[in-house]
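# Residue-level structure breakdown
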Amino acid sequence: MATPLNRIRDIGSWSGQDIDATVVDAAVKQLRGLHGRGALQTAVFTLIALVDDDRALGEYASEVVRELCAHTPIRALVVVSLPASKPGVDVRVKVREVTRPTGTKVCVDDIFIQVRGPTADHLDFFMEPYTLPELPVVVWLPNRLPLAAEPLLDKADRVVVDSGRILDVSALAGLARLSQCMPVTDLCWVRQAPLRQLLAGLFMGAEVAPFLRGVRHVEVKGEPGSMRLMAGWLMSRLRLSPSVVHLLDADTDSIQIRAQHLGNCAHFALAANYDEGEVHAEAGIEGGPSYHRTVLLTSPSAAALIDHGLARAGRDHAWEGAVAAPLRIITV
Amino acid sequence: MTSENPLLDTTRPPPPPCVVVIFGATGDLATRKLLPALAKLALIGELPAAFGLVGVARREYGDEDFHAVVRDAVAKYGELDLHGERVWGDVVREFRYVGGDYTSSETFERLAAVLEEIDRTRGTDGSRLHYLAVPPSLFPVIIAGLGRNRLNTPLPQRQDAFVRIVVEKPYGQNLRTAQDLDDCIHRVFSERQVYRIDHYLGKETVQNILALRFANGVFEPIWNRRYVDSVQITVAEADGIGDRAGFYEQTGALRDVVQNHVMQILALTAMEPPITIEADAIRDEKLKALRAVAIPAVDRVHDSVVPAQYTEGWVAGQRVPAYQDEPGVQPNSRTESYVALLLKIDNWRWAGVPFYVRTGKRLPKRLTEVAIEFHTAPHLPFKPQQTAALEPNALVLHIQPDQGVTLHFGSKVPGKGFEVRSVSMDFHYGSTFPGETADAYERLLLDALTGDSTLFAASDEVLQSWRLVAPIQQAWERHKELSQYPAGTWGPPEADRLLERDGRSWRRP
């Protein structure tokens, strides 16, 4: 089930300083004109990766966007914001040909913009001409959560974050509030989807379902951000008291649940083995049925997570409950 | 059941616990299609955690022999890498096998005992999905066996359990045998339990016909006789009959493709908007569309139907033999490898709009498409030579191999003069949504497990499809004027004349 890879070939590149979006658009069109399929452009949204003053992070965001563009028809821009620097705008454009495993060839653009000086504080106005008309604008913040006053979000229809990388609990509360105004895609939540589905599936069936109402002990292991989100999900969905939920730092994710129903005990467990690329789940009722299941677990790239996450439109109330819930655990 | 489990993602709940029972578990369909599809579903976590599989076949295998069959089938026809095969091997170890004669009650008694044991130890709740992956002649005997042994309904104490049965095509050989099969099934199963599979309907683009038509405001207002001049449905295969001569000689293009795939595509193209996107609402509208298709009189069939057989020719650079020279085919065979037909739909939306259908083997390339041809503009304010290269507008829905939509429209040729030429605007699913698409069997198995019958044909639809082709079968029994076409061409001249007499021509796909 290995995914075949795309083949990528550079077509041309261009760079300019202190120019506006019209010039950049013209440059992109000219570069696309060098390719037979260059006139063909499909896009479903504009993605702006917003990076603060961090060169390594800018390179990382560029890599992710490059991979995303090769798979998903979007206009993607990496914007490095440097408000404290000498005013100016630098733009680099690269147009590449991507040949998909099916043989389909598409032309994709990389647009990297460095915004310096006061303009960086007004990205909402600066970026508007770069967005595609009538299509949603998605803002991806690779390493942080949105600030209280984040001008670019005024132009965004959705924001993408990764709560797994966030250690500041108060910031998570802000994220929960932001989700009331704007859909939020949390890459950590997307990454955990197969684990949640597998765990939920353990409780399907007439004999096991009643145990969901008798959960006595939950133990969640994993890295801090990921673990809190998973525990928050269980707490909010099962309406558990914080005293039932126990968190333990670990390198890999696992969940143990003990429950009772009509005097019978049952256990449910899930353990991800990222080295082996699989996750093992099992359930058993004392003196009753038991079953286990192993499924393959891929480690999707950030680009794949963004792609999957954006496939779901609207608010996700289960996620909102999950990001709100860990606060209660922490404050106990 | 899903409402009791707050952990479930209600946008796509996984299938509930159940046991899949495959009749014909060591046969071609099971090994080539079903088992690889189940393996894929299992490894990506789409099968229920509490799951069992029982293979039933005539061979006297033990469980371990069956495990070897399953592993080999998936290794040969599946898409698993070594890691996937290892994990699948663990899943397979729990599968069970019941060997025996389908006419023997003892076979079904042993099956019932195995199912009870799985329910007890694996928590599968008494839910079953019976899959008939056997020749149609065995359908009645297996269905009767399931009924006799009370394997057709859940036990009374299992309130949430389900028992469903999946029936593969061909669903009968004609209207009478289809009706007989339907009666046989309905003596044992209610219609809600029956899932008549047509793998064509698992295709994303067939479903996208629904999305294109009913999720967009721009198409539906022009999807009628006022704007549409004609509709062409093409289901073309470049391959010959391969090693299926025994099956194909008994079936032919009419029964193999027109009665099922074509009628389903026609119904999806012509149907009225459903009230909801749920199975019953869609089935109701499809049935209404099929009921509106005019049934030709037996003595007029030859005016609107052209059967043909391929002669030797060239396909994809290879010289290929005539149909009658294919291995296993009778030298004087009268089986049609091609059929073209003109259908009319007698309702307000489509009155007067011809639906031209063609399907065949050894055509130039494999493709399935629906072309909606629109009326020409009522007045062209150009000189005739300026629009000499202008074709009528057309919207082409590509179903396979490349899924997508193409709109053909006129555009001015750049330059000083004023010349209008047809151009096409393509939308390829592969370019816009390049992610992996589920195989048709994976999708249909999952739907059958979750109880979503949208992509399965209802009894009424199947019988109505047979009613539509019945006069053709009767006319051919009396006299069949079999035309010929060289392999590698789009069909015989007689099929061209079917359109030429209306002032139209087949599109060149």
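What you see is a predicted model, and the numbers here were worked out from it, not measured in a lab.

### So, the packing of aromatic side chains
- Across all of its chains, the model carries 17 aromatic pairs over all chains by this definition.
- Plain terms: the ring middles of Phe126 of chain A and Tyr130 of chain A are 5.7 Å apart, the flat faces sit at 45° to each other, and that makes the pair tilted. Each of the two residues, Phe126 of chain A as well as Tyr130 of chain A, counts as buried.
- Look at Tyr61 of chain B and Tyr97 of chain B: their rings are 5.6 Å apart centre to centre, the planes differ by 45°, and that puts the pair in the tilted class. In this pair, Tyr61 of chain B sits in the loop between strand E2 (51–57) and helix H2 (63–77) while Tyr97 of chain B sits in strand E3 (residues 96–99), placing the two residues 36 residues apart along the sequence.
- Taken together, the ring pairs connect Tyr248, Tyr310, Tyr323, Tyr338 and Tyr485 of chain B into an aromatic cluster.

### Points about the packing of helix H5 (residues 139–148) of chain B against helix H6 (residues 175–188) of chain B
All names here are of chain B.
- Their axes nearest at 9 Å, the elements H5 and H6 cross at an angle of 10°. The orientation of H5 with respect to H6, classified from their angle, is roughly parallel. Of H6, the residues touching H5 (which contributes Phe139, Pro140, Ile143 and Gly147) are Leu181, Cys184, Ile185 and Val188.
- Here the residues of the contact of H5 with H6 are counted per class, giving seven nonpolar, one polar and no charged.

### Considerations on the interface of chain B and chain A
- Each partner contributes residues to the interface: chain B has 44 residues there, and chain A has 38 residues.
- The junction of chain B with chain A conceals about 3,500 Å² of combined surface from both sides, 57% of it contributed by carbon and sulfur atoms.
- Taken together, the links from chain B to chain A amount to two salt bridges.
- For the pair chain B and chain A, the interface holds 12 residue pairs in polar contact (both at pLDDT 80 or more).
- Among the elements that make up the side of chain B that touches chain A, the one with the highest residue count is helix H3 (residues 82–92) of chain B (five residues).

### Notes on the side chain of Arg349 of chain B
All names here are of chain B.
- By secondary structure assignment, the location of Arg349 is in the loop between strand E11 (338–344) and strand E12 (354–360).
- The class of Arg349 is buried, set by a relative accessible area of 12%.
- A polar contact of 2.8 Å, which involves the side chain of Arg349, links it to the side chain of Glu220.
- Every residue in contact with Arg349, bar those within four places of it in the chain, is listed here: Arg213, Glu220, Trp223, Asn224, Arg225, Ala270, Met271, Glu272 and Pro273.

### Here we look at the packing of helix H8 (residues 245–270) of chain B against helix H13 (residues 459–478) of chain B
All names here are of chain B.
- At a minimum axis distance of 10 Å, the contact between H8 and H13 shows a crossing angle of 140°. One element, H8, and the other, H13, form an angle in the oblique class. As for how H8 packs across H13, the hand of that crossing is right-handed. Between H8 and H13, the contacting residues are Leu254, Arg255, Val258, Gln259, Met263 and Gln264 on the first element and Glu461, Val462, Ser465, Trp466, Leu468, Val469, Ile472, Gln473 and Trp476 on the second.
- For the contact of H8 with H13, the per-class residue count stands at nine nonpolar, four polar and two charged.

### Examining the sheet that holds strand E11 (residues 254–261) of chain A
All names here are of chain A.
- The six strands lie next to each other as E10-E9-E11-E12-E13-E14, forming an open sheet whose pairing is mixed. Of all strands in the sheet, those with a lone pairing partner are strand E10 (245–249) and strand E14 (290–296), marking the two edges. When strand polarity is set aside, the average angle formed by the axes of neighbouring strands in this sheet is 10°.
- Sheet analysis places E11 next to strand E12 (residues 264–273), joined by eight bridges and oriented antiparallel. Note that in E12 the partner of Arg258 across the bridge is His267.

### A few points about the environment of His267 of chain A
Residues and elements named next belong to chain A.
- Within the secondary structure, His267 sits in strand E12.
- Taking the C-alpha atoms as reference points, His267 and Glu286, separated by 19 residues in sequence, lie 8.4 Å from one another.
- Those residues within four positions of His267 in sequence are excluded, and the remaining contacts are Ile257, Glu282, Ala283 and Gly284.
- At 3.5 Å, the side chain of His267 and the side chain of Glu282 are in polar contact.

### As for unusual backbone geometry
Residue and element names in this part refer to chain B.
- The linkage connecting Lys169 with the following residue, Pro170, adopts the cis geometry, with an omega of 5°.
- Along the chain, Pro170 turns up in the loop between strand E5 (163–167) and H6.
- The omega angle of the peptide bond from Gln400 to Pro401 is 0°, so this bond is cis rather than trans.
- Even without being glycine, Asp125 reaches a positive phi, approximately 65°.
- As for its placement among the helices and strands, Asp125 is situated in the loop between helix H4 (105–122) and strand E4 (128–132).
- Given a relative accessible area of 4%, Asp125 falls into the buried group.
- The backbone of Arg362 sits at a positive phi, close to 60°, despite the residue not being glycine.
- Of the residues examined, Arg362 reaches a relative accessible area of 13% and is grouped as buried.

### Looking at the pattern of salt bridges
- Enumeration according to the criterion identifies 45 salt bridges over all chains in this entry.
- For Arg213 of chain B, the salt bridge is made with Glu220 of chain B, and the minimal N-O distance between the two is 3.0 Å. You'll find Arg213 of chain B and Glu220 of chain B in the same group, each marked buried.
- As a salt-bridge pair, Glu373 of chain B and Arg507 of chain B come within 3.2 Å of each other at their nearest N and O atoms. Of the two residues, Glu373 of chain B is situated in strand E13 (residues 367–374) and Arg507 of chain B in the segment after helix H14 (493–500); the sequence distance between them amounts to 134 residues. You'll find Glu373 of chain B and Arg507 of chain B in the same group, each marked buried.
- Where salt bridges share partners, they join Glu63, Arg66, Arg96 and Asp110 of chain A into one cluster.

### Brief notes about the sheet that holds strand E14 (residues 394–400) of chain B
Residue and element names in this part refer to chain B.
- Pairing is mixed across the open sheet formed by nine strands, whose spatial order is E16-E15-E14-E13-E7-E12-E11-E8-E17. At either margin of the open sheet sits one strand with a lone partner, and together these are strand E16 (420–428) and strand E17 (483–486). Between one strand and the next, the sheet's axes are offset by a mean angle of 20°, whatever the strand orientation.
- The pairing of strand E15 (residues 404–412) with E16 spans nine bridges and is antiparallel. Bridged to His408 within E16 is Ser424.
- Where H14 meets the sheet, it contacts strand E7 (228–236), strand E8 (305–311), E11, E12 and E17, and its direction lies at approximately 15° from that of E11.

### As for the confidence of the model for chain B
Residue and element names in this part refer to chain B.
- Put simply, chain B has an average pLDDT of 91, and 97% of its residues get 70 or more.
- Per-element confidence in chain B is highest for E12, whose mean pLDDT is 98, and lowest for helix H11 (residues 429–432), whose mean pLDDT is 66.
- The ipTM assigned to the predicted complex is 0.85, against a pTM of 0.85.

### Focus on the pairing of E12 of chain B
Residues and elements named next belong to chain B.
- Counting buried positions along E12 yields seven of seven residues, so the element is predominantly enclosed.
- As defined by bridge partners, E7 adjoins E12 across six bridges and the pair is classed as parallel. Residue Gln232 lies in a different strand from E12, and its bridge partner there is Tyr356.
- In this sheet, E12 lies alongside E11 in antiparallel orientation, the contact comprising seven bridges. Residue Leu342 lies in a different strand from E12, and its bridge partner there is Tyr356.

Reading guide: rules and limits
- Residues numbered from 1 in each chain as written.
- Chains lettered and ligands numbered in written order.
- Predicted model: local features only at pLDDT ≥ 70, side-chain atom pairs only at ≥ 80, totals over all residues.
- Heavy atoms only, no water.
- Phe/Tyr/Trp six-rings, centres within 6.5 Å; stacked < 30°, edge-to-face > 60°.
- Buried < 20%, exposed > 50% of the residue type's maximum accessible area, 1.4 Å probe, protein only.
- Helix = DSSP H or I, 4+ residues; strand = E, 2+ residues; numbered from the N terminus.
- Axes fitted to C-alpha atoms, helices over the stretch in contact; angles between N-to-C directions.
- Parallel < 35°, antiparallel > 145°, perpendicular 65-115°, else oblique.
- Contact = heavy atoms within 4.5 Å.
- Nonpolar A, V, L, I, M, F, W, Y, C, P; charged D, E, K, R; others polar.
- Buried area = accessible area lost by both parts, 1.4 Å probe.
- Salt bridge = Lys/Arg side-chain N within 4 Å of Asp/Glu carboxyl O.
- Polar contact = N/O pair within 3.5 Å; in protein donor to acceptor, adjacent residues only side chain to side chain.
- Left-handed = near helix turned anticlockwise from the far one by under 90°.
- Pairing = 2+ DSSP bridges.
- pLDDT = per-residue confidence, 0-100.

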